[in-house]
Amino acid sequence: MLLGTIIYGLLNSAVLAVMAIGFNLTFGISGVANFAYGAMYIFSAYLSWTLFNLLDWPYGLAVSASISATMALGALMYRFVLLRVRGQALSEVIATFGIGLAILELFHYLGFVGFEYTLPVLIDDGIMIGDTMVDWQRILITGVAGLLVTGLWAFTHYTRLGLAFRGIAQDERTALTLGIESDRIAMISVSLGCGLAALAATVIIPLGSISPSEGYEVLIKALAVCIIGGLGSTGGVIVASFLIGFAERFTDTYVSSHWTMIVSLAAILLVLGFKPSGLFGRQKELEERI
Amino acid sequence: MRSRPVKYYLILVCVVSGLIVSAAAQAAEPIVIGVPTSLGFLEGKESHKVVQMAVSEINAKGGVTLGGQKRILEVSSMDIRDAAPGVPVPEALLGIEKNILEKKPAGIVVGPFRSEALVAAMDLISKYKTPLIGTIAMTPASEAKVKEEPEKYKYVFRNCLNAVYLVKYLVGTMEAINKEFGFTKVYIMHQDVAWARATADGVKKSYFEKAGWEVMEQEAYPTGTSDFSSALMKARSKGAQVIMPIFDMPQSGTLVKQWKSMNVPALMTGFISPLAGTDAWKSFDGKIGGAINCVFEMGSAIASDKLPKSVEFYNKYKKIYGKELQAGHGPAPAYESVYILAEAIERAGSLDPEAIVAELKKTDRMGIMGRIRFDAGNQVIYGFDPKETAVAAVFQWTDDGKRRIVFPEALADSKIQLPKGLKSAK
């Protein structure tokens, strides 16, 4: 059972990393805490479901269209709402949370609640590792997590846009003097973050089902991972995903599933109490020292 | 100049005819039936639809006879969202109170989804003296309150299965499994809500412990949980032969998916709401063969030729709404409740709640769920023979996507089959 718990801890960590990486990217670059992140995840999932099941689009096309639409929605959200409140952290949080709430409640109002709302697994099989059965979908998520982390690293280090992202993240004013348009980059980062939420939904939803309440859960988990890891730190996201991922599975196995949901929230409280900038966060480190 | 008197005349005619129409409408004012429940959830949604179906049927015959006059019925629904994770009970109560105060229903059917909301709403129901025939919330705590203070809580009835009767159905199924295959190791997984806790504890205490079964573990999951992999892994490594799930949240369908994908060699036997209807086969890509599930009321998501009224109801719904009923809990008793209430109003000859409640108590009706009568706690009496009591059904999904009723014997059309990879212990 220990081996099984370790395997599922690892797989759970990958799920959390995929879930949180988009939120982290947006915050790291634009400083916007996108509280509509969970809603974007659900929006994309419902859109994929609708295109695939009701309009009979090929699955690949449905998913691509959903990811693109979610990215467009993110860009629109920035252009027409966030741009006006940029730099006012509380207003950004309220605005994005409000938009997220509206999206999720709209789906609820439209009756998108039920077990039939799910997406198909890409590989419908599994393998035995020791005495533990692991399905290919989870292995796929682990692969996606690895690809995303390395892909984002390569993107931010070797592409013009990625370097502009880092420039804005390091010092927005200096970046402006070098001709990097910060609002455009911030809009792209919000859009890309939403796209990553959509990608996460595509690979994670087949393990469960789509429901508006899932949007809140995704937001809480993404927040937990980012706060513990340190907002804006990719390395922090990875380490925090492992911490929470293993903590959840070990709680499940050796304590009780009843307490699993509390693990993330308790971890946030602990980290905020002892190191408010998170394990690898540098945002407030100086302030903390002072 | 000549057109002026004509204009006045026309206005006068309009006003007078308006008054006549309004007076006529007041004379035949519709009788309102309240449906405050979680309309966004499958059970609430389909229950609401069948209430409208029953009301349309009654209205098509002229309505309810009251004081020598035919009065039509009108449905007033409200989404109180009590089934959604995180929605506090007081919010649901506000919705019920709003429905009562604004629409002044002669009675409420379906009612709260969550038992916690039902128990909390009982004082409200009592305060406004509005008869309620609940058809979803299942905790026996509400009956206990009725028995403790019958005068105060006499307005609260329940026309669906409660946790006590569900325990009896699950015990009957487990006995059959034990007898047929010799299985004695069970892993219990349930939602962390009142009715599911009561059911799981009830089966454990009244059967597993007494019959010498080994309960490998009993785990409670908060509403909204969608990953059950750790528990399934534990069930597998501990050698559980039966997994008994008790869930009514949409996410619980994931449990079956994961049970199949992780190849857990145990018989899935219990209640998972998403598994009840025919759509489950497509939703779960046909990977639910072998799973055994309970439908709480005959007619809700399943029908039996041995109870022709259930088939008639099931087909009628399909004809009207273009698809089969999918909720294994709620629709059949919701439909019956409208008739029970309408008949009680007719017998009472008034909309006085005291008179209606007195007549509801006397209900004895042969319907789609079998025979319907209420006990001292205003709970519909369940058993295994539809001629004597209301009945539920336990069925098994076959590998070719059919549903075969396996319990109770009076309705069974097949014996329990073990899924591939699982061997009998006998």
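The rules we used
- Residues numbered from 1 in each chain as written.
- Chains lettered and ligands numbered in written order.
- Predicted model: local features only at pLDDT ≥ 70, side-chain atom pairs only at ≥ 80, totals over all residues.
- Contact = placed C-beta atoms within 7 Å.
- Helix = DSSP H or I, 4+ residues; strand = E, 2+ residues; numbered from the N terminus.
- Nonpolar A, V, L, I, M, F, W, Y, C, P; charged D, E, K, R; others polar.
- Pairing = 2+ DSSP bridges.
- Axes fitted to C-alpha atoms, helices over the stretch in contact; angles between N-to-C directions.
- Buried ≥ 20, exposed ≤ 12 C-beta atoms within 10 Å, placed from the backbone.
- Domains from an automatic or database assignment.
- Arc of directions from axis to C-beta.

**Some details on the interface of chain A and chain B**
Note on interface size: it is often stated as the accessible area lost on association of the parts.
Okay, step 1: Counting residues at the interface gives 28 residues for chain A, matched by 30 residues for chain B.
Okay, step 2: Those elements giving two or more residues to the side of chain A that touches chain B turn out to be helix 1 (2-30), strand 2 (132-135), helix 9 (212-229) and helix 10 (234-254) of chain A.
Okay, step 3: Taken together, the residues of the side of chain A that touches chain B break down into seven nonpolar, 15 polar and six charged.

**Details of the sheet that holds strand 15 (residues 393-397) of chain B**
Across a sheet, paired strands are connected by hydrogen bonds in the backbone, their directions being either parallel or antiparallel.
All names here are of chain B.
Okay, step 1: Strand order in the open sheet formed by seven strands is 9-8-10-11-12-15-16, with mixed pairing between adjacent strands. Taken across any chain shown, the strands that pair with only one partner, and hence form the sheet edges, are strand 9 (214-221) and strand 16 (403-407). Strand-to-strand twist of the sheet, defined as the mean angle between neighbouring strand axes without regard to direction, takes the value 25°.
Okay, step 2: Of the strand pairs in this sheet, strand 15 and strand 16 are connected by four bridges, and their pairing is antiparallel. Bridge pairing links Phe-395 to Ile-405 in strand 16.
Okay, step 3: Here helix 8 (residues 194-208) sits on the sheet in contact with strand 8 (185-191), strand 9 and strand 10 (242-247), set at roughly 160° to strand 8.

**Section: the pairing of strand 12 (residues 292-295) of chain B**
Residue and element names in this part refer to chain B.
Okay, step 1: Residues of strand 12 alternate between two faces, with Ile-292 and Cys-294 on one and Asn-293 and Val-295 on the opposite face, all of them buried.
Okay, step 2: Alignment of strand 11 (residues 267-272) against strand 12, held across two bridges, turns out to be parallel. Counted as the bridge partner of Thr-269 is Ile-292 from strand 12.
Okay, step 3: Examined bridge by bridge, strand 12 and strand 15 share four bridges and lie antiparallel to one another. From the neighbouring strand, Cys-294 faces strand 15, where its bridge partner is Val-394.

**Section: the sheet that holds strand 7 (residues 156-158) of chain B**
All names here are of chain B.
Okay, step 1: The strand order across the open sheet formed by five strands is 4-1-5-6-7, and the pairing between neighbours is parallel. With one partner strand each, in any of the chains shown, strand 4 (73-79) and strand 7 form the two edges of the open sheet. Looking at each pair of strands side by side, their axes are set apart by 25° on average, direction ignored.
Okay, step 2: Across three bridges, the pairing between strand 6 (residues 132-134) and strand 7 is parallel. Looking across to strand 7, one finds that Gly-134 is bridged to Arg-158.

**Section: the domain arrangement of chain B**
All names here are of chain B.
Okay, step 1: By domain assignment, chain B separates into domain 1 (29-161 + 307-372) and domain 2 (164-295 + 392-407).
Okay, step 2: Placing the centre of domain 1 and that of domain 2 at their C-alpha centroids yields a distance of 29 Å.
Okay, step 3: Counting from both sides, the interface comprises 15 residues of domain 1 and, opposite them, 18 residues of domain 2.
Okay, step 4: Considered class by class, the residues forming the side of domain 1 that touches domain 2 number seven nonpolar, five polar and three charged.

**With respect to helix 14 (residues 353-361) of chain B**
A turn of α-helix holds 3.6 residues, and therefore any two residues three or four places apart point the same way.
Residues and elements named next belong to chain B.
Okay, step 1: Of the residues making up helix 14, those classed as buried are Ile-356, Val-357, Glu-359 and Leu-360. Angularly, the buried residues of helix 14 cover 165° about the axis, an arc narrow enough to put them on a single face.
Okay, step 2: Packed against the buried residues of helix 14 are strand 5 (107-110), strand 7 and helix 13 (331-348).

**Thoughts on unusual backbone geometry**
Okay, step 1: The peptide bond linking Phe407(B) to Pro408(B) adopts the cis configuration, its omega dihedral lying at 0°.
Okay, step 2: Tracing the chain through its elements places Pro408(B) in the segment after strand 16.
Okay, step 3: Positive phi is not limited to glycine here, since Asp56(A) has a value of about 55°.
Okay, step 4: By the element assignment, Asp56(A) lies in the loop between helix 2 (37-54) and helix 3 (59-85).

**Overview of the environment of Lys147(B)**
Residues and elements named next belong to chain B.
Okay, step 1: Inspection of the secondary structure assignment puts Lys-147 in helix 5 (residues 141-148).
Okay, step 2: Distance in space between the C-alpha atoms of Lys-147 and Ala-376 is 6.7 Å, their sequence separation being 229 residues.
Okay, step 3: Leaving out residues up to four positions away in the same chain, Lys-147 has contacts with Ala-376 and Gly-377.

**Quick look at the environment of Val85(A)**
Residues and elements named next belong to chain A.
Okay, step 1: By the element assignment, Val-85 lies in helix 3.
Okay, step 2: With ten residues separating them in the primary sequence, Val-85 and Ala-95 have C-alpha atoms 8.5 Å apart.
Okay, step 3: For Val-85, the residues in contact, after removing those within four places along its chain, are Ser-91, Glu-92 and Ala-95.

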